[in-house]
Amino acid sequence: MESEEKTVNVKRFMKEQILLLDGGMGTLLQAAGLRPGEMPERWCLTHPEEIKQIHRAYYNSGSHVVNTNTFGANALKLSHSELEEIVAAAVSLARAAAAESERVGEKWVALDIGPTGRLLRPYGDLDFEDAVEVFAETVRLGVKYGVDLIFIETMNDSLETKAALLAAKENSKLPVFVSNAYGGDGKLMTGASPEAMVAMLEGMGADAIGANCSLGPNQLLPVAEKLLACASVPVFLKPNAGLPTERDGETVFDVTPEEFAETLAGAASLGLSAMGGCCGTTPEYIRLLSAGVEGKKPLKLTPKRRTVVSSYTHAVTFGECPILIGERINPTGKKRFKQALTENDLDYILQEGIRQQEHGAQILDVNVGLPQIDEREMLTRVTAELQAVLDLPLQIDTADPIAMESALRRYNGKAMINSVNGKRESMESVFPLARKYGGVVVALTLDENGIPATAEERLAIAKRILKVARSYGIKKEDLVFDPLAMTVSADPRAAVETLKAVRLIRQRLGCHTSLGVSNVSFGLPVRDAVNATFFAQAMENGLSAAIMNPYADSMLRAWYTHRVLHGLDENCADYMAYAASCEETSANAAPMAKNSSAPAVSDLKTAVIKGLSEQAARLTDQLLEKIAPMAIVQAEIIPALNEVGQGFEAKRLYLPQLLMSAEAAKSAFERIKAQVKAGGVDGMTVVLATVEGDVHDIGKNIVRLLLENYGFCVVDLGKDVPAARVLEAVLETRAPMVGLSALMTTTVPAMEETVALLHSKAPFCRVAVGGAVLTEEYAARIGADRYCADAMETVRYAQAISGATLESK
């Protein structure tokens, strides 16, 4: 009972006082003697007094919550027995520190969970369910040994964040705080915005949402402001003490305790409920922060009541402007789509999705229901594959609750769920899924008696659905009602009643609405004209979203015109751009509207840019019949990679698009290599390694993939690589370049040692370094030849060295 009471209190506490978190651990362990390459978590067993002293210092400085020394403790790095031993010791040490600390007041122990260090599929090799189980094992141990809450932090990928939160929710009833590491562009490494993360995390039931690491307090404040603008749960911030730099021969962080405390304490007025520090911060930072917020009360949380869905990059919010939901990924009435499903032709389905996005769809409906296929397997796979090549939110469309749960579980973001209705069994099967995984549920206004004839009867069903949804903890804003467009050829009053229902639901319930617009015209000639007019009337009656054919110009004209006439298109800019595009493509518009299907991607460059691996391989085979292999590389593959790379550097594209394009290029290269022995553009060798003591190799693996696709011969030594092994590989291969990676502050000394050894024993080799804890200044201090902020910069540096090497020959 005591543990349960304490977990309740930590949430109640944030309503009355600003919750103070702890600060950094790694830098303090280094100061205490942690050796390069030594795993910090093992100090719970080998140096327990040092760990307890750090925890005690944070409690004495004012921390209400101290994180256990388990950031990197998981079953991928430790045996099951050692993992349990470390977690048990970590919790015991934090508990002892709380008991021994001098400060009087609340003291909670949080189970600290960091990232696995591996990318999840399709961008990496770690399966989503395997990631969930890795986190779940640590969570179960934390619960077993008595932590008060779970603290998931420094996550830079939205899907891995979801895996960790799902593991926490499925294996405990403790409060869960979730924190992500945002870059200088205000997004995660894999592209998610703060708004997208709030949509997903709040939908799944996170108790507090925040940002930590990467940047100092001033740089992270804009992220905090975005989180606060859309979150209805407490928001917290744990910045670094700036970035590492060198002063008087020592590595220090460039934000002093006084500057840190002043900035963060001042930010309390923004509405932060909790705050602390990350890399480089010490108990002194927390002591001054505690003094700075003394007497300050957190602002009262205000429900934002936003109806929002998200992908892995961005959120789409329902509001004044109607949302366009593409309807083309659906076998109903589509012979070619049915063939693609039965023949497992995912390329056709992916191209259909890409084309709908290009034609203006903002969300894509995904329905793969056919009697002769395994809908659960296909829906889950198609959902994942679509998310790999485009960044639109998806609407999971199925009547099978098993298939729905499977797709929702792996969906990267907050999906639309299509659908529930007023039947008891429908609500009993769908609402628990929406509650667990988050989502905006499309609610059809029908029940056991069918579809009512009148708007008032449909409104009554909507009210009943709302009442039942509340009993499951589902908020009104997470329901979008579909009052059902019926065909006017069968009932002359059908459209009138549907439009009235749209208006009543919006006005009386304050809920958003959606319609499958084209249903209204079944059985009529010139259906596009009926659909477009009905769509325009529905928008005038307050329609929030439409499931429609984005290839139908008449529908798009109605939508763009509505936005202009309602003042939703500033300076008519979108309308003008649409009109210009219509003029350019007028020759192809009629066939597109008539056939209502997406043409196949027909050139290799486009296939690589879009990340279509199977299509890239097939097109390469065709080109090899008439074009020299290296001509294909130079004319198609390299220009495609350059275009994607430039988009990545300009922040127009994000890591997932970069990786999927690289995979498509790899598929093309494999076909080329089957015919020629040449392995690259010039064959220059590059050695890559994550330095000793560091087991995080995501960045290195991304660099390897891109270098290989640009034609370089890569020797990948893996992770936790001693300096001597790196030197051995360089001397064996005479590699002109080495790339070193480090994510943790505790392993930067090992990087410095490796750089020094290479410069001493292999002066012909240039050393590039990268990683979250590095800066250009810090890289220069440890002697590196080049600091590379991302994978594309590493490629550019390799190209420069390669060019110089060729010239010297």
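1. So, the packing of aromatic side chains
- Per the stated rule, a full pass over the model turns up 9 aromatic pairs.
- Relative to Tyr285, the ring of Phe260 has its centre 5.4 Å away and its plane inclined at 80°; by these criteria the two rings are edge-to-face. Here the residue Phe260 occupies a position in helix H10 (residues 257–266), and Tyr285 occupies one in helix H11 (residues 283–293), the gap between them amounting to 25 residues.
- The exposure class of Phe260 is buried, given its relative accessible area of 0%.
- Three or more aromatic residues link up through ring pairs in this structure, and these residues are Phe151, Phe177 and Phe236.
- Between Arg563 and the ring centre of Trp559, over which it is positioned, the NZ or CZ distance is 4.9 Å.
- Positioned above the aromatic ring of Phe764 is the side chain of Arg734, whose terminal nitrogen or guanidinium carbon lies 3.9 Å from the ring centre.

2. Notes on the pattern of salt bridges
- Applying the stated criterion across every chain yields a total of 34 salt bridges.
- Of the charged contacts, one joins Arg35 and Glu38 as a salt bridge, the two residues approaching to 3.7 Å between their closest N and O atoms.
- The class for Arg35 is exposed, based on a relative accessible area of 53%.
- Of the charged contacts, one joins Arg704 and Asp716 as a salt bridge, the two residues approaching to 2.7 Å between their closest N and O atoms. Of the two residues, Arg704 sits in helix H27 (residues 698–709) while Asp716 sits in strand E22 (residues 713–716), which places them 12 residues apart along the sequence.
- The exposure class of Arg704 is partly exposed, given its relative accessible area of 28%.
- Salt bridges sharing partners connect three or more residues here, namely Glu49, Lys52, Arg56 and Glu100.

3. Overview of helix H13 (residues 346–358)
- Here H13 spans 18 Å end to end across 13 residues, near enough to the 18 Å set by a 1.5 Å rise per residue.
- With 10 of its 13 residues buried, H13 lies for the most part within the structure.
- Along H13, the residues that are buried comprise Leu346, Asp347, Tyr348, Ile349, Leu350, Gln351, Glu352, Gly353, Ile354 and Gln356.
- Against the buried residues of H13 lie strand E13 (323–329), helix H12 (335–342), strand E14 (363–366), helix H14 (375–389), helix H23 (604–610) and helix H24 (613–624).
- Directly after H13, the chain includes Gly360, whose backbone phi takes a positive value near 105°.

4. Things to note about the pairing of strand E19 (residues 512–516)
- E19 sits mainly inside the fold: 5 of its 5 residues count as buried.
- Burial along E19 is two-sided: His512, Ser514 and Gly516 and Thr513 and Leu515, pointing in opposite directions, are all buried.
- Inspection of the sheet shows strand E18 (residues 479–482) paired to E19 by 2 bridges, in the parallel sense. Along E19, the bridge assignment pairs Phe481 with Thr513.
- Crossover connection from E18 via helix H18 (residues 494–509) to parallel E19: handedness right-handed.
- Summarising the sheet, E19 and strand E20 (residues 545–548) pair through 3 bridges and their orientation is parallel. In the sheet register, Ser514 faces E20, and the bridge partner there is Ala545.
- Read as a crossover between parallel neighbours, the route from E19 over helix H19 (residues 527–540) to E20 is right-handed.

5. So, helix H16 (residues 424–437)
- Compared with the 20 Å implied by 1.5 Å per residue over 14 residues, the 20 Å span of H16 between its first and last C-alpha is a close match.
- All of the buried residues along H16 are Ser426, Met427, Val430, Phe431, Leu433, Ala434 and Tyr437.
- Phi for Gly438, located one or two positions after H16, is positive at around 80°.

6. Side note on the packing of H13 against H14
- Viewed as axis vectors pointing N to C, H13 and H14 meet at an angle of 50°, and their least axial separation amounts to 10 Å. In terms of orientation, H13 lies oblique with respect to H14. Crossing of H13 against H14: the hand is right-handed. Residue-level inspection shows Leu346, Ile349, Leu350, Gly353 and Ile354 of H13 in contact with H14, the latter providing Met378, Arg381, Val382, Glu385, Leu386 and Val389.
- Of the residues assigned to the contact of H13 with H14, the class counts are 8 nonpolar, 1 polar and 2 charged.

Criteria and thresholds
- Along each chain, residue indices are assigned from 1 in the same order as the chain's sequence is written.
- For a predicted model such as this one, the threshold for reporting local features is a pLDDT of at least 70, and the threshold for listing and counting side-chain atom pairs is 80 or more; totals across whole chains, interfaces and linings nevertheless cover every residue.
- Hydrogens and waters are ignored; side-chain quantities use all the structure's heavy atoms.
- Ring pairs are drawn from Phe, Tyr and Trp, using the six-membered ring of Trp, whenever the two centres fall within 6.5 Å, and their geometry is named by plane angle: stacked under 30 degrees, edge-to-face over 60, tilted for the rest.
- Helix and strand definitions follow DSSP, with helices as H or I runs of at least four residues and strands as E runs of at least two, each counted in order from the N terminus.
- Under the scheme applied here, a residue whose accessible area is under 20% of the maximum for its type counts as buried, over 50% as exposed, and between as partly exposed, the area being computed with a 1.4 Å probe on protein chains only.
- We call a charge positioned above a ring when the Lys NZ or Arg CZ atom is no farther than 6 Å from the ring centre and deviates by at most 35 degrees from the ring normal.
- Salt bridge, as applied in this entry: a Lys or Arg side-chain nitrogen positioned within 4 Å of an Asp or Glu carboxyl oxygen.
- Expected span of a helix: the number of residues minus one, times 1.5 Å.
- Residue contacts follow a heavy-atom distance rule, with two residues in contact if any of their heavy atoms lie within 4.5 Å.
- Here a strand pair is declared whenever DSSP counts at least two bridges between the two strands.
- By the criterion used throughout, a crossover qualifies as right-handed when its path from the first strand across the helix to the second strand runs clockwise, the strands pointing away from the viewer.
- Throughout, an axis means a line fitted to C-alpha atoms (over the contacting stretch in the case of helices), and angles, computed between N-to-C directions, take values from 0 to 180 degrees.
- We call two directions roughly parallel when the angle between them is under 35 degrees, roughly antiparallel when it is over 145, roughly perpendicular when it lies between 65 and 115, and oblique otherwise.
- Crossing handedness is read from the near helix: turned anticlockwise from the far helix by less than a right angle, it gives a left-handed crossing, and turned clockwise, a right-handed one.
- In this classification, the charged set is Asp, Glu, Lys and Arg, the nonpolar set is Ala, Val, Leu, Ile, Met, Phe, Trp, Tyr, Cys and Pro, and all remaining amino acids, among them Gly, are polar.

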